Amino acid sequence: GIDDKLASIKKVFEVAQEFDTCFKSFQIICRPSNIGCARNIINGINEILERYESIIVLEDDLELGKYFLDYINFSIEKYQKHPLVFHISGFNEFNDNLKPANAYFSRGMNMWGWATWRDKWKHFQKNTDLYIDSFSKSDIKKFNFDGSWDVFSQIKENKSGVLNTWAVFWAASIFKQGGLCLNPSYPLSVNKGNDGSGERGGIVSHHQDLFQGSILIFPDNVIEDLH
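Note that residues are indexed from 1 along each chain, following the sequence as it is written. Since the coordinates come from a predicted model, pLDDT governs what is reported: local features require at least 70, and pairs of side-chain atoms require 80 or more to be given and counted, while whole-chain, interface and lining totals use all residues. Computation of side-chain values: all heavy atoms of the structure, hydrogens and water removed.

A. Representation of the nonpolar core within the structure. Counting 28 residues, the largest nonpolar core has Ile45, Phe143, Ile155, Trp166 and Trp170 as the members making the most contacts within it. Here a helix means four or more residues in a row that DSSP labels H or I, a strand means two or more in a row labelled E, and each is numbered from the N terminus. When residues of this core are traced back to their parent elements, those giving at least two are helix H2 (37-49), strand E1 (54-57), helix H7 (152-160) and helix H8 (167-176). Sort the elements by how many residues they give to this core and H8 lands first, with eight residues. In what follows, a contact means two residues having at least one pair of non-hydrogen atoms within 4.5 Å. Setting aside its immediate chain neighbours within four residues, Trp170 contacts Phe86, His87, Met109, Trp114, Thr116, Lys120, Trp121 and Phe124. In plain words, nonpolar cores are sets of buried Ala, Val, Leu, Ile, Met, Phe, Trp, Tyr and Cys residues tied together by side-chain atoms within 4.5 Å. Residue burial is assigned from relative accessible area. The probe radius is 1.4 Å, only protein chains are included, and a residue is buried under 20% of its type maximum, exposed over 50%, and partly exposed in between.

B. Focus on the side chain of Ser185. Relative to the elements of secondary structure, Ser185 occurs in the loop between strand E6 (180-184) and strand E7 (189-191). Side-chain polar atoms of Ser185 contact the backbone oxygen of Pro100, separated by 2.7 Å. We call two N or O atoms a polar contact when they sit within 3.5 Å, provided that within protein one can donate a hydrogen and the other can accept it, with sequence-adjacent residues counted only if both atoms are side-chain atoms.

C. Summary view of the pairing of E1. Residues of E1 alternate between two faces, with Ile55 and Val57 buried on one and Ser54 and Ile56 left unburied on the opposite face. Here the rule is simple: two strands pair whenever DSSP picks up at least two bridges between them. Bridge analysis of E1 against strand E5 (residues 114-117) gives four bridges, and the strand direction is antiparallel. Residue pairing for E5: Val57 is matched across the bridge by Trp114.

D. Molecular detail of unusual backbone geometry. You will see that Phe145, though not glycine, has its phi angle at about 55°, which is positive. Within the element layout of this structure, Phe145 appears in the loop between helix H6 (137-143) and H7. The phi dihedral of Asp146 is positive, around 60°, even though this residue is not glycine.

E. Structural context of H7. Every buried residue of H7 is listed here: Phe152, Ile155 and Asn158. The buried residues of H7 occupy an angular sector of 110° when the element is viewed end-on, so they sit on one face. In this structure, the buried residues of H7 make contact with helix H5 (128-134), H6 and H8. As used here, the arc is the angular range of directions from the helix axis to the C-beta atoms.

What follows is the structure, encoded as structure tokens:
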């Protein structure tokens, strides 16, 4: 019922407040009404980047590794001035145990614990017609990871009203600018929100083990790692 939902919301703010001593400054922004996930995230990022040069974005269903912030903060500093680095991901889809603990560049954008900069986010546009009209067939194939995953269909579903999301538009904005995303070879953040306990559960469950070590190797050359 509504009372249970209000109690759950209150509990979230109580948990968040417990972290007020962990940071130099701390502020909780409470919206008076539910404006929806996509609008809430977009507006929140816009508001923060009006005040700061960079942002770390974490949703409430993530579990973070011990060195997640070390990796993110180092990457923010290292790649801030590079025009092609648009996004820093904390999650890795593949978790290849044969790889060393390194970071690499990919066209793939993941939103489960990530960071960006004001001058990169300014390119974000949630505009279905823009991408539908401007992406060629070859663009769509490349955006869809050479045809292996139909990401572009999410833009069409936003156009038709089946979806109302934000992440695919950030991925498309990065792609349109020729940008790349930094990823760790092991997941430093994992999504725990697909267990059915949340309001917006996903349909795909990922079982990567959270990496509790450090990412030790960062690329100096900003090119896509195709291996």
